[in-house]
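# Examining the three-dimensional arrangement
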Amino acid sequence: MPPTLHRLYLSLGSNLGDREATLQRALRLISERVGRVERVSSFIETEPQGFLSCHKFINACCLALTSLTPRQCLLETQAIERMLGRREKTEGCRYRDRAIDIDLLLYDDLRVLEPGLTLPHPRMQEREFVMKPLAEIGA
């Protein structure tokens, strides 16, 4: 019997280096390590939110079909971030420039409230750079 596949929506952003190439690499790694990427939104350029920087972001969302648990998805996306140059996670809403940021937004209709993992993502509704690409791929 094949494994059950879950619908995982992710947000991706980059504001350092070759931003578009970094997002493309992240999408390839998501396909390899998390699940088959079914849909990808347009890449949009946005101003940083929550901190000052002269570096604009490129943001996108994707839908991946995964057999992993939400916690496994989190661990894999964090590993991808490290592979692509991310050295530290945001703590206490202190945002800064980053090569890559991958956030889990939705996992089926599941609600999760665990240390380090909340689904649906608690601030996604406040972020146009998430909601616009998410709507584009039909979430």
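Here, every reference points to the structure presented above.
Here goes a summary of the coordinates provided. (Residues numbered from 1 in each chain as written. Predicted model: local features only at pLDDT ≥ 70, side-chain atom pairs only at ≥ 80, totals over all residues. Heavy atoms only, no water.)

## Focus on the overall build of the protein
- In terms of regular secondary structure, the protein is built from three helices and seven strands.
- In the protein, the succession of helices and strands from N to C terminus is β-α-β-β-β-α-β-β-β-α.
- Computed over C-alpha atoms, the radius of gyration of the protein comes to 14 Å, within 12% of the 14 Å expected from 2.2 N^0.38 for 139 residues, which places it in the range of a compact globule.
- Along the longest, intermediate and shortest principal axes, the C-alpha atoms of the protein span 50 × 30 × 30 Å.
- In the protein, which comprises 139 residues, the proportion classed as buried is 46%.
- For the protein, restricting intrachain contacts to residue pairs at least 6 apart in sequence, the fraction spanning at least 24 positions comes to 70%.
- Here the protein holds 20 positive side-chain charges and 19 negative ones, and the gap between their average locations is 2 Å. (Helix = DSSP H or I, 4+ residues; strand = E, 2+ residues; numbered from the N terminus. Rg over C-alpha atoms; globule rule 2.2 N^0.38 Å. Buried < 20%, exposed > 50% of the residue type's maximum accessible area, 1.4 Å probe, protein only. Contact = heavy atoms within 4.5 Å. Lys, Arg positive; Asp, Glu negative; His and termini not counted. Charge placed at Lys NZ, Arg CZ, Asp CG, Glu CD.)

## Some details on unusual backbone geometry
- With omega at -10°, the peptide bond leading from leucine 119 into proline 120 counts as cis.
- Residue position: proline 120 is located in the loop between strand 7 (117-119) and helix 3 (128-136).
- Phi at aspartate 108 takes a positive value of approximately 50°, unusual for a residue other than glycine.
- Among the structural elements, aspartate 108 can be located in the loop between strand 5 (101-107) and strand 6 (112-114).
- With a relative accessible area of 35%, aspartate 108 lands in the partly exposed category.

## What to know about helix 2 (residues 70-83)
- Taking 1.5 Å per residue as the helical rise, helix 2 with its 14 residues ought to reach 20 Å, and the 20 Å between its terminal C-alpha atoms agrees with that figure.
- Considered for burial, the residues of helix 2 that qualify are Pro70, Cys73, Leu74, Thr77, Ala79, Ile80 and Glu81.
- On its buried face, helix 2 is in contact with strand 1 (6-14), helix 1 (19-33), strand 4 (57-66), strand 5 and strand 7.
- Directly beyond the C-terminal end of helix 2, a positive phi value near 105° is found at glycine 85. (Expected span 1.5 Å × (residues − 1).)

## Some points on the pattern of salt bridges
- The full count for this structure, using the stated rule, is six salt bridges.
- For the salt bridge of arginine 33 with glutamate 76, the shortest nitrogen-to-oxygen distance reads 2.7 Å. Of this pair, arginine 33 sits in helix 1 while glutamate 76 sits in helix 2; the two residues are 43 residues apart in sequence, bridging distant segments of the chain.
- The partly exposed category is assigned to glutamate 76, whose relative accessible area is 22%.
- A salt bridge links glutamate 47 to lysine 56; the shortest N-O distance between them is 3.4 Å. (Salt bridge = Lys/Arg side-chain N within 4 Å of Asp/Glu carboxyl O.)

## Let's talk about the pairing of strand 1
- Most of strand 1 is tucked away: eight of the nine residues are buried.
- Pairing of strand 1 with strand 4, which is carried by nine bridges, proceeds in the antiparallel orientation. Among the inter-strand pairings, arginine 7 is bridged to a residue of strand 4, identified as leucine 65.
- Note that strand 1 and strand 5 share six bridges and pair antiparallel. (Pairing = 2+ DSSP bridges.)

Remember, this is a structural readout, not a statement about activity or role.
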